[in-house]
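The primary structure of each chain is shown beneath.
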Amino acid sequence: MSGGPARGGGHAVVRTRSAVAALVAAAALGLVTGRFVLPSPSGADAHPPERSVAAVGGASRGASAPATPGASAPTPAPSASGSGSPTGATGPVTKANLLGPAAFGPDAGIGKIHVTDRYGDGHYANAACTGEKTLTETLGGPGAHFRGLMTSPRTDPSDPTLAFDGADQVAREFAAEARSPSLAQNFADRLLLEQVPCQEEAPGHWVYGRTATLRLAPDVTASWMGVYQGSLNTTGTAPEGVEPCGGIAVLRSGTHYGVLEVDACLGTAAMDRVVRTALSQL
């Protein structure tokens with residue numbers, strides 16, 4: 001992520017196997033406490049480019065603000081029609097399930113957003129803390145829909161969903177479908193566990209904040225973490241009372257699951273809105 005994690009180029013759970021059960025237990029504990037306790041990753045000492053933009057949707061960077069949500073209680077939201085909770089998705093993922101430019105309203109001050117799509121495998125989320133992996137290497141899945149949102153039409157030759165200049169990346173998302181809701185939950189848990197080591201990093205290294213949870217329905221949930229640049233990490237964890245500058249979300253709706261990376265410098269409120277929109281579309 002520009003100004004945060006390195007670019008990708010660069011959640012009923014199956015209980016029949018003890019390894020999967022262990023992952024689910026770890027994920028559940030992490031969502032309750034707001035922080036997952038995992039072995040410290042190694043070799044993650046790079047500093048991301050600093051961002052000078054104030055966080056949108058919250059206080060400016062470094063200013064006093066409400067604490068970043070951690071172990072937050074699931075927050076229900078009405079469906080788009082206003083008639084009860086949404087239901088989990090079924091069937092194949094299509095482009096309509098991916099986040100669009102409208103989610104980043106005029107108040108975000110981003111301007112025109114270009115969209116590129118592709119289908120297949122590829123690197124996703126950050127690689128600096130947990131080691132670079134492709135989606136197939138993590139889940140063994142057949143492929144996913146990838147979407148890039150950026151402020152420039154110039155894309156990375158190796159992946160059209162990545163901006164040629166990382167500073168132009170607004171967000172990047174992938175979404176896929178599993179054979180069952182329980183398997184989709186399992187995949188989402190595993191994807192979240194891939195990111196939580198980045199909640200603890202050496203001072204001076206960018207770091208993720210505590211995990212916030214959104215729940216639009218029992219099987220429509222998201223877990224997201226804000227990102228803080230290295231200059232704000234003085235204790236090895238994200239600072240309290242400071243707004244994030246973008247972040248990452250793991251999404252699950254019925255049989256659909258995915259990951260959304262927000263590179264735009266959004267504060268807590270704006271991140272919450274964007275993640276809700278992505279979840280409701282998934």
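Before reading on, note that the structure itself is shown above.
These numbers were taken from a predicted model, which means no experiment stands behind them.

Our next topic: the state of the cysteines. On inspection of all chains with the given rule, the structure shows one disulfide. A sulfur-sulfur distance of 1.9 Å marks the disulfide that ties Cys245 to Cys265. As the torsion about the S-S bond is roughly -135°, the Cys245-Cys265 disulfide counts as left-handed. Taken together, the positions of Cys245 in the loop between strand 8 (220–228) and strand 9 (247–253) and Cys265 in the loop between strand 10 (256–262) and helix 4 (268–281) put the pair 20 residues apart, joining distant regions of the chain. With respect to class, Cys245 is no different from Cys265; both count as buried.

Right, let's talk about the pairing of strand 10 for a bit. Most of strand 10 sits inside the fold, with seven of its seven residues counted as buried. By the alternation rule, side chains of strand 10 split into His256, Gly258, Leu260 and Val262 and Tyr257, Val259 and Glu261, which are all buried. The pairing of strand 9 with strand 10 spans seven bridges and is classified as antiparallel. The residue bridging Ser253 from the neighbouring strand is His256, located in strand 10. Connecting the antiparallel pair strand 9 and strand 10 is a turn made up of two residues, with Gly254 showing a positive phi of about 60°.

This next bit is on the pairing of strand 8. Strand 8 sits mainly inside the fold: nine of its nine residues count as buried. The alternating pattern of strand 8 places Val220, Ala222, Trp224, Gly226 and Tyr228 on one face and Thr221, Ser223, Met225 and Val227 on the opposite face, and all of these are buried. Both strand 6 (residues 207–208) and strand 8 contribute to a ladder of two bridges, which runs antiparallel. Among the inter-strand pairings, Tyr208 is bridged to a residue of strand 8, identified as Val227. Where strand 7 (residues 212–217) and strand 8 come together, five bridges link them in antiparallel fashion. Paired with Ala212 across the bridge in strand 8 is Trp224.

Criteria and thresholds
- Residues numbered from 1 in each chain as written.
- Predicted model: local features only at pLDDT ≥ 70, side-chain atom pairs only at ≥ 80, totals over all residues.
- Heavy atoms only, no water.
- Disulfide = S-S within 2.5 Å.
- Helix = DSSP H or I, 4+ residues; strand = E, 2+ residues; numbered from the N terminus.
- Buried < 20%, exposed > 50% of the residue type's maximum accessible area, 1.4 Å probe, protein only.
- Pairing = 2+ DSSP bridges.

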